[in-house]
Amino acid sequence: MLGLVLLYVGAVLFINGLSMLGKIAPKEAAAMNLFTGGLSLLVSVLQIASGQAPLIRAAAFGLLFCFTYLWVAYVNRTGQDGRGLGWFSLFVAATAGWVTWDTFAAAQTPGQLWIASCWAAWTVLWACYFVIGALQRSAWVRPVAWLTVAQALLTAWLPGYLLLSGRMAA
């Protein structure tokens, strides 16, 4: 299920980056955030229902993505300033930092190293969202938007596609 979720994480990050650049209205970008948040929620619930510890662990971390996208949709639809989302992003960045550490420590294949690298990249991205949201640093928006687009392609869409096509194993 990782490939499925990553494919749509790539889509939502791409859309969110374009929205941050002013190419797509935030209210329009909310649709992709709701879809991806809902999809990752469904996948996480199925993983939790399996009762298998590794899948429950994956679900716990997947829910960080899920709630981020649902909160982005809320902010985009209601016009909130995103400070609460920014502070949540700090919590997620700290958690993702630990996930990065653990994932690198356990990695034994090139695919696992790539996933660990993705976690490192997401840690940086969520930290940037903290700066933009909680600290309201508008000068960061454009560079972080481009970072979001780049990460959409390299840390989500491409590995998602490779996993789904059988060209990469997690």
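Coordinates for the structure precede this section.
Residues numbered from 1 in each chain as written. Predicted model: local features only at pLDDT ≥ 70, side-chain atom pairs only at ≥ 80, totals over all residues. Heavy atoms only, no water.

## Quick notes on the packing of aromatic side chains
1) Next: Applying the stated criterion across every chain, the model contains 13 aromatic pairs.
2) Next: Taken together, a centroid distance of 6.1 Å and an interplanar angle of 75° make the contact between F61 and W119 edge-to-face. With a gap of 58 residues between them, F61 in helix 3 (residues 53–78) and W119 in helix 5 (residues 110–133) connect regions that are remote in the sequence. Taken as a pair, F61 and W119 share a single burial class, namely buried.
3) Next: Their ring planes at 35° and their centres at 5.6 Å tell us that W71 and F88 sit as a pair that is tilted. With W71 in helix 3 and F88 in helix 4 (residues 83–106), the pair connects residues that are 17 residues apart, well separated along the chain.
4) Next: Assessed through its relative accessible area of 24%, W71 is described here as partly exposed.
5) Next: One aromatic cluster is present, built from ring pairs that chain together F61, F65, Y69, W119, W122 and W126. (Phe/Tyr/Trp six-rings, centres within 6.5 Å; stacked < 30°, edge-to-face > 60°. Helix = DSSP H or I, 4+ residues; strand = E, 2+ residues; numbered from the N terminus. Buried < 20%, exposed > 50% of the residue type's maximum accessible area, 1.4 Å probe, protein only.)

## Considering the state of the cysteines
1) Next: Following the criterion strictly, the structure yields zero disulfides and no others.
2) Next: With no disulfide of its own, C66 has C118 as its nearest cysteine by sulfur position, at a separation of 19 Å.
3) Next: Unpaired in this structure, C118 has its nearest cysteine sulfur neighbour in C128, at a distance of 16 Å. (Disulfide = S-S within 2.5 Å.)

It is worth stressing that arrangement in space is one thing and function is another; only the former is reported here.
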